[in-house]
Amino acid sequence: MAGRINDDDVKAVRDAVPIDAVVSEYLQLRNAGGGNLKGLCPFHDEKSPSFQVSPSKGLFHCFGCQEGGDTIAFVMKIDHLSFSETVERLAAKAGITLRYEEGGYNPSHQRGERIRLIEAHQAAAEFYVRALESPEAEIGRTFLAERGFDQEAATHFRVGYSPAGWDHLTRYLRGKGFSDKELITSGLSQDGRRGPIDRFRGRLMWPISDTAGDIVGFGARKLRDDDNGPKYLNTPETPIYKKSQVLYGIDLAKKDIAKASRAVVVEGYTDVMACHLAGVTTAIATCGTAFGNDHIKILRRLLMDNGSARVIFTFDGDSAGQKAALRAFEDDQKFAAETYIAIAPDGMDPCDLRLVKGDDAVRDLVEPRTPLFEFALRQIVGRYDLETPAGRAAALDEAAAVVAKIKTSSVQREVAVQLAGLVGILDQEFVVRRVAQLAHWARNKGGDQGDRGGRGPRGGAPQQTAPAPAPAFSGPALNLRSPAHRTERELLKLALQRPALVSPAFDAYGVDEFTAPPYAAVRRCIEEAGGAEQGIADDRAYLGAVLDAAPDNTVRSLVTELAVEVFIGKTIDETYAGVQLVHVRLRAVDRRIADVQSSLTRLGSNVAPHELAAAQSEVWVLQQYAQNLRVHGAAAL
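Residues numbered from 1 in each chain as written. Predicted model: local features only at pLDDT ≥ 70, side-chain atom pairs only at ≥ 80, totals over all residues. Heavy atoms only, no water.

Caption draft 1: Highlighting the overall build of the chain. Counting secondary structure elements, the chain contains 28 helices and 16 strands. For the chain, with 637 residues in total, the buried portion stands at 49%. For the chain, long-range pairs separated by at least 24 residues make up 67% of all intrachain contacts whose partners lie at least 6 apart in sequence. (Helix = DSSP H or I, 4+ residues; strand = E, 2+ residues; numbered from the N terminus. Buried < 20%, exposed > 50% of the residue type's maximum accessible area, 1.4 Å probe, protein only. Contact = heavy atoms within 4.5 Å.)

What follows is the structure, given as structure tokens:
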């Protein structure tokens, strides 16, 4: 049974791995002001970035879907890991040796499944790279050389070779301590008559990494005529490899994609290599599947969907490549980026183009030429005889159905006008009306689901239809138009983000001084964590304690939200903090005065003389306190 990871080690991992560095492995971050960073949320679709990271606090929060937490919480959610798997992964990244409460260094059987499978793939990659130097691998080295790739290129892309024997890798990984079950689960081995055997044999091997750079699978290219398998054989679906969710080369290209706001989508491993070596370092490829929704999500997070973002597809000029382009057009509207297609005049792929015409030709190829929608429509229209009325009508019917899928009406109209020109129909409005009619029919047939959940090429995020979770607190809902609620929110943000500015005064405030029930819940969490004064010495440990005190995910989400949200004021200093402290306390005092006076009014002549005197005395003291607060501000607290 796995032991519990030592708490001090968990804290050391949190402190050692900056949250912005981890998040940047999955999406592009930009300055959000106030020391925070922002990007497109990886947990829900959105057009405008509402996902914020506070490097100083080690927290993230999405103001769209309300996901939030620390570095560990982020990795757990985005990579679907357990808590221990996440801590082990981050510890390995930081070079921290973990201790377990039940003794000793973490043995292999205590490590999470994902960590073990990734370690198996890393060991396999190293094995394949060494095997490429063997005499048997001469055929693989020749294959690379004939395509313009030398040893340096092979090393850069970690290209390797799988020996032709039955179980070379399997025996090697067994010697490294991996079990047969792990080898089968990883997809590196498969069941044979007498036990596990290698899945890949006698092939050139490309390691496939996820966005974080972990090797999760392999692509294997056939080299020999007596190999009866497919030309390319990829890792099967495993707990860590989903072909629809990986892009070959994304680990090498992600920084340049984010920096240049441009991605080049090619079709194969050698095409990615050719592009990168030619200077097109934003090239990536799918792994044996069509470019789809999950691939779009990966790129959108890196591109940030800004106005200058571009995605360029370099499909082959053959019929298969044209079909791939049409499939890509179906998903085109899910990008906010401009999408283009680039096909060499003679139909060569980037690898062949580099061989024949050199690096400059590859760089020229991916300069945006033809908008993807224009190319797709030309491919459809080109199949018909436009010299006849019947041909033009048939071309319009097929192409109009494609244009009708564009959700944004202005873009739909613009493309419909261009379609009229391609088909040769002078009455542009007729084509526009035809497209609009098809779009209307499609919406009605689908119960208007498209309008509610879809998004246009430059459209906004889909509306959320899932019911909101039940709140963890009762009472009136938040109303940010309320001055009281706004001030309470600012004070809690100060207590979480800048505790030194409000301590020790804040810790004397009662939960009942916060009129919004959600804010009262957060105040209670701060109290249970030892008060805001705890944050002066170690703000990360303090925030962790506040999060641990949250009774449920709803309150926890609000804590992360307040911990990363920028302040309303421009200058956040002792004066600003004092104003928030005074306003919250003053409203609490005024409420107490009103409550006492209301009680006296209800009781009338029935109140006992000594109770009347006590109440009047309390009102007088409170009124004097309120006056001092108004005159002297924070000094009267």
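Caption draft 2: Region of interest: the nonpolar core. If you look at the biggest cluster of nonpolar residues, it comprises 45 residues, and the most contacted ones within it are Leu144, Val159, Leu204, Trp206, Tyr248 and Met273. With near-sequence residues (within four places) excluded, Met273 lies in contact with Phe149, Ala153, Phe157, Val159, Trp206 and Tyr248. Judged by nonpolar contacts, the second largest core, of 39 residues, contains Ile526, Tyr542, Leu562 and Phe567. (Core = buried A, V, L, I, M, F, W, Y, C linked by side-chain atoms within 4.5 Å.)

Caption draft 3: Spatial organisation of the packing of aromatic side chains. As enumerated under the stated definition, the model contains 16 aromatic pairs in all. Both rings, one in Phe43 and one in Phe51, keep their centres 6.4 Å apart while their planes meet at 65°; by these two values the pair is edge-to-face. Aromatic side chains Phe43 and Phe60 sit 6.2 Å apart centroid to centroid with 50° between the ring planes, which places their arrangement in the tilted category. Here Phe43, found in the loop between strand 2 (36-39) and strand 3 (51-54), pairs with Phe60, found in strand 4 (residues 59-62); they are 17 residues apart in sequence, far enough to count as distant. (Phe/Tyr/Trp six-rings, centres within 6.5 Å; stacked < 30°, edge-to-face > 60°.)

Caption draft 4: Just helix 17 (residues 389-403), in detail. Helix length check: helix 17, at 15 residues, gives a terminal C-alpha distance of 21 Å against a target of 21 Å (1.5 Å per residue), a fit within 8%. Buried within helix 17 we find Gly391, Ala395, Leu396, Ala399, Ala400, Val402 and Val403. (Expected span 1.5 Å × (residues − 1).)

Caption draft 5: Examining the sheet that holds strand 13 (residues 283-285) more closely. Strand order across the open sheet formed by five strands is 13-12-14-15-16, with mixed pairing between neighbours. Lying at the two open borders of the sheet, with one neighbouring strand each, are strand 13 and strand 16 (370-371). Set on the sheet, helix 10 (residues 250-260) makes contact with strand 12 (262-266) and strand 13; between it and strand 13 the angle comes to about 130°. (Pairing = 2+ DSSP bridges. Axes fitted to C-alpha atoms, helices over the stretch in contact; angles between N-to-C directions.)

Caption draft 6: Structural context of helix 14 (residues 350-357). If you check which residues of helix 14 are buried, you get Pro350, Cys351, Leu353 and Arg354. End-on view of helix 14: buried residues confined to an arc of 165°, all on one side of the axis. Phi turns positive, to about 95°, at Gly358, one or two residues after helix 14. (Arc of directions from axis to C-beta.)

Caption draft 7: Summary view of the sheet that holds strand 10 (residues 215-222). Across the sheet, four strands lie side by side as 6-9-10-11; this open sheet has antiparallel pairing. Across the chains shown, the open sheet's two edge strands, defined by having one partner strand only, are strand 6 (160-162) and strand 11 (232-234). Sheet twist, expressed as the average angle between the axes of neighbouring strands with direction ignored, equals 35°. Judged from the three bridges that link them, strand 10 and strand 11 form a sheet pairing that is antiparallel. Considered in strand 11, the bridge of Gly219 is made with Asn234. Packed onto the sheet, helix 5 (residues 113-131) meets strand 6, strand 9 (203-209) and strand 10 and runs at close to 35° relative to strand 10. Strands in contact with helix 6 (residues 138-146) are strand 9 and strand 10; relative to strand 9, the strand with the most contacts, it is inclined by about 70°.

Caption draft 8: Structural detail: the side chain of Lys493. Positionally, Lys493 belongs in helix 21 (residues 483-497). What Lys493 contacts, discounting residues up to four positions off in sequence, is Arg498, Leu562, Glu565, Val566, Phe567 and Ile568.

Caption draft 9: Examining the pattern of salt bridges more closely. Enumeration according to the criterion identifies 32 salt bridges in this entry. A salt bridge links Lys77 to Glu67, with the nearest nitrogen and oxygen atoms 3.4 Å apart. With Lys77 in helix 3 (residues 71-79) and Glu67 in the loop between strand 4 and strand 5 (68-70), this residue pair connects regions lying ten residues apart in the sequence. Judged by relative accessible area, Glu67 falls into the partly exposed class, the value being 27%. The residue Glu119 makes a salt bridge to Arg116 at a minimum N-O spacing of 3.8 Å. With Glu119 and Arg116 both in helix 5 and three residues apart, this pair spans about one turn of that helix. For Glu119, a relative accessible area of 28% translates into the label partly exposed. Overall, the relative accessible area of 6% leaves Arg116 in the buried class. Where salt bridges share partners, they join Arg489, Glu490, Lys493, Glu561 and Glu565 into one cluster. (Salt bridge = Lys/Arg side-chain N within 4 Å of Asp/Glu carboxyl O.)

Caption draft 10: Quick look at the state of the cysteines. If you walk through the whole model with that rule in mind, you get zero disulfides. Just so you know, Cys351 is unpaired, no disulfide at all, and the nearest cysteine sulfur is the one on Cys275, 9.4 Å from it. (Disulfide = S-S within 2.5 Å.)

Caption draft 11: Inspection of the environment of Val53 at higher detail. Along the chain, Val53 turns up in strand 3. Residues Val53 and Ile19, 34 residues apart in the sequence, show an inter-C-alpha distance of 7.6 Å. When near neighbours in sequence (up to four residues on either side) are disregarded, Val53 contacts Ile19, Asp20, Val23, Leu29, Asn36, Leu37, Leu59 and Phe60.

Caption draft 12: Structural view of unusual backbone geometry. A cis geometry characterises the amide bond from Ser503 onward to Pro504, with omega recorded as 0°. One non-glycine residue, Gln66, lies in the positive phi region at around 70°. Looking at the element boundaries, Gln66 is found in the loop between strand 4 and strand 5. The phi torsion at Arg158 lies on the positive side, around 55°, for a residue other than glycine.

Caption draft 13: Region of the structure containing the confidence of the model for the chain. Predicted confidence across the chain gives a mean pLDDT of 84, with 88% of residues reaching 70 or more. A low-confidence stretch, residues 104-110 (pLDDT under 50), is modelled with 14 contacts involving residues beyond four sequence positions or located in other chains. Low pLDDT, under 50, characterises residues 447-476; the predicted model gives this stretch 55 contacts beyond four residues in sequence or across chains. (pLDDT = per-residue confidence, 0-100.)

Caption draft 14: Seen up close, the packing of helix 17 against helix 18 (residues 409-423). Contact geometry of helix 17 with helix 18 gives a least axis separation of 11 Å together with a crossing angle of 160°. Taken as axis vectors, helix 17 and helix 18 run roughly antiparallel relative to one another. Taken as a pair, helix 17 and helix 18 cross one another with a handedness that is right-handed. Side by side, helix 17 and helix 18 meet where Arg392, Leu396, Ala399, Ala400 and Val403 of the first sit next to Gln412, Val415, Ala416, Leu419 and Val423 of the second. Looking at the contact of helix 17 with helix 18 residue by residue, the classes come out as eight nonpolar, one polar and one charged. (Parallel < 35°, antiparallel > 145°, perpendicular 65-115°, else oblique. Left-handed = near helix turned anticlockwise from the far one by under 90°. Nonpolar A, V, L, I, M, F, W, Y, C, P; charged D, E, K, R; others polar.)

Caption draft 15: Layout of the pairing of strand 8 (residues 195-198). Sheet analysis places strand 7 (residues 189-192) next to strand 8, joined by four bridges and oriented antiparallel. Within strand 8, the position partnered with Ser189 by the bridge is Asp198. The turn linking strand 7 back onto strand 8 is made up of two residues.

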